[in-house]
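So you can see what is in the structure, the chains are spelled out below.
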Amino acid sequence: MTIEEANRLIIASLTGPYEEREAASISSLVMERLTGMPKSLRLLHKKNPFTAKQQEVFQQWLAELLRQRPVQYVMGEAWFGPFAFYVDENVLIPRPETEELVDWLLKDNVTADPGKSVLDIGTGSGCIPVYIKKKRKDLHVMGADISEEALKIAKRNALANDAEIRFYLSDVRDPMQTEKLPYADLIISNPPYIPEKQKALLDKHVRDFEPALALFVPDEDPIMFYKIIGEFAIQKMNPGGRLFLEIHHDYAKNIVEWYQEKGFLLELKKDFSGNNRMIKAWRN
């Protein structure tokens, strides 16, 4: 099988479960990982045959992709900004919207002061704290998660990216546990925010493979984690600190109103698609 034939086979096999453009995007990721060549070089060498090992891995990966297992889990790799992260079903796959949230934090005037502390709540793969630490080595960066398996992955990614980060096993729903978490100048989080009733509307590759613990919230209180993190920030965010949160655009109004009632000042920010997807909150 040649590089060209393999590429065509992936696209043809995945068109249906995915739109053709998304199938082509998945194929490009797979082919680059398998061949070690960018698209321009793959076009030049499209008639090159696979090695026996490449053929074996290709067949394994294609079988998993046909189950609609996300390509990032299949390859064990996802990119967040310019950094590669190991991912599997224990952690969410990093999203571009979250990159926007992190970049917003890094541009804040509070972050500009050297030596500030940053805490990521629900750190998952560790992509947020690792990204921050790689961009700002002077910051004291921490991550917390309820999942021991997620923290193992976060620690693995921090080590692989040479990022010194302190991690904490903690359930933010339990005040006894959050009491043990450190104070911070900046708190950031991409918490669960999808109501259970919307589960059936999600794509199969999200619904069936990404961790439910990191995705879903009760229908009766879809902003529960924003309340929990807000109360935590009141207790543990240092004076003059900032809170950065990724949000569900359907509940932006509810979240803003709750934070304002708690005495926070807010800035609501749209993502690159024009949706209300993040807030910055602080207290005078």
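Anything mentioned here points back to the structure above.
Residues numbered from 1 in each chain as written. Predicted model: local features only at pLDDT ≥ 70, side-chain atom pairs only at ≥ 80, totals over all residues. Heavy atoms only, no water.

Chemist: What's the story with the nonpolar core in this structure? I'm lost.
Modeler: In this structure, Ile187, Tyr226, Leu243, Leu245, Ile255 and Tyr259 are the most contacted members of the largest nonpolar core, which totals 37 residues. Elements with a minimum of two residues in this core: strand E3 (117-121), strand E4 (140-145), strand E6 (184-189), strand E8 (216-217), helix H12 (224-236), strand E9 (237-246), helix H13 (252-261) and strand E11 (276-282). If you tally residues by element for this core, the top one is H12, at seven residues. Setting aside residues up to four positions removed in sequence, Tyr226 forms contacts with Pro191, Tyr193, Leu245, Glu246, Ile247, His248, Ile255, Trp258 and Tyr259. Counting residues in each nonpolar core, the second largest holds 27 residues, with Leu106, Val118, Leu151 and Phe244 among its members. (Core = buried A, V, L, I, M, F, W, Y, C linked by side-chain atoms within 4.5 Å. Buried < 20%, exposed > 50% of the residue type's maximum accessible area, 1.4 Å probe, protein only. Helix = DSSP H or I, 4+ residues; strand = E, 2+ residues; numbered from the N terminus. Contact = heavy atoms within 4.5 Å.)

Chemist: Even after reading the chapter, I still don't get unusual backbone geometry, so can you show me in this structure?
Modeler: Residues other than glycine predominantly adopt negative phi, and peptide bonds predominantly adopt the trans conformation. Its identity as a non-glycine residue notwithstanding, Gln68 has a phi of 70 degrees, on the positive side. Along the chain, Gln68 turns up in the loop between helix H4 (52-66) and helix H5 (71-75). Judged by relative accessible area, which is 15%, Gln68 ranks as buried. Despite not being glycine, Asp162 shows a phi value in the positive range, around 55 degrees. By the element assignment, Asp162 lies in the loop between helix H9 (148-160) and strand E5 (166-169). The class for Asp162 is exposed, based on a relative accessible area of 63%.

Chemist: Honestly, the pattern of salt bridges in this entry has me stumped. Any pointers?
Modeler: Two side chains of opposite charge can pair, provided their charged atoms sit close to one another. Overall, the coordinates contain 19 salt bridges when judged by the stated rule. For the salt bridge of Asp221 with Lys227, the shortest nitrogen-to-oxygen distance reads 3.2 Å. Taking relative accessible area as the criterion, Lys227 reaches 28% and is therefore assigned partly exposed. Lys253 is the partner of Glu257 in a salt bridge, and the nearest nitrogen-oxygen pair spans 2.6 Å. Taken together, the residues Glu257 and Lys253, both in helix H13 and four residues apart, mark about one turn of the helix. When its relative accessible area of 34% is taken as the criterion, Glu257 is described as partly exposed. The network of salt bridges with shared partners includes Asp108, Arg242, Glu267 and Lys280. (Salt bridge = Lys/Arg side-chain N within 4 Å of Asp/Glu carboxyl O.)

Chemist: Would you mind showing me how to read the environment of Ser28 here?
Modeler: One can find Ser28 in helix H2 (residues 20-35). A relative accessible area of 24% means that Ser28 is categorised as partly exposed. Along the backbone, Ser28 and Lys39 are 11 residues apart, and their C-alpha atoms lie at a distance of 7.3 Å. Side-chain polar atoms of Ser28 contact the side chain of Arg42, separated by 3.1 Å. (Polar contact = N/O pair within 3.5 Å; in protein donor to acceptor, adjacent residues only side chain to side chain.)

Chemist: Explain the packing of helix H6 (residues 96-107) against helix H8 (residues 127-135) here, please?
Modeler: Geometrically, a packed helix pair is captured by the angle between its two axes and the distance between the axes. Between H6 and H8, the shortest axis-to-axis distance is 11 Å and the interhelical angle comes to 40 degrees. Looking at the two axes, H6 sits oblique to H8. Seen along the crossing, H6 lies across H8 with a hand that is right-handed. Residues Thr98, Val102, Asp103, Leu105 and Leu106 of H6 lie in contact with H8, whose contacting residues are Ile128, Tyr131, Ile132 and Lys135. Considering only residue class, the contact of H6 with H8 consists of six nonpolar, one polar and two charged. (Axes fitted to C-alpha atoms, helices over the stretch in contact; angles between N-to-C directions. Parallel < 35°, antiparallel > 145°, perpendicular 65-115°, else oblique. Left-handed = near helix turned anticlockwise from the far one by under 90°. Nonpolar A, V, L, I, M, F, W, Y, C, P; charged D, E, K, R; others polar.)

Chemist: Could you clarify how one ought to interpret the environment of Arg277 in this entry?
Modeler: With respect to the helices and strands, Arg277 occurs in strand E11. The contacts of Arg277, once residues within four sequence positions are left out, are Glu97, Tyr193, Leu245, Glu246, Ile247, His249, Lys269, Lys270 and Asp271.

Chemist: Honestly, the side chain of His205 in this entry has me stumped. Any pointers?
Modeler: Looking at the element boundaries, His205 is found in helix H11 (residues 204-207). Judged by its relative accessible area of 13%, His205 is buried. Here His205 is in contact with Tyr18, Glu22, Gln68, Pro70 and Glu210, once residues within four sequence places are set aside.

Chemist: Is there a simple way to think about the packing of aromatic side chains in this case?
Modeler: Pairs of aromatic rings are described using the distance from one ring centre to the other and the angle between the two planes. Evaluation of the coordinates by the stated rule reveals seven aromatic pairs. For the pair Trp258 and Tyr259, a centre-to-centre distance of 5.0 Å together with 75 degrees between the ring planes defines the contact as edge-to-face. Summarising the burial analysis for this pair, Trp258 and Tyr259 share the class buried. An angle of 65 degrees between the planes, with centres 5.1 Å apart, marks the rings of Tyr259 and Phe264 as edge-to-face. For Phe264, a relative accessible area of 3% translates into the label buried. Against the face of Tyr86 rests Arg156, its NZ or CZ located 3.7 Å from the ring centre. The ring of Trp104 carries Lys269 above its face, with NZ or CZ at 5.5 Å from the centroid. (Phe/Tyr/Trp six-rings, centres within 6.5 Å; stacked < 30°, edge-to-face > 60°. Lys NZ or Arg CZ within 6 Å of the ring centre and 35° of its normal.)

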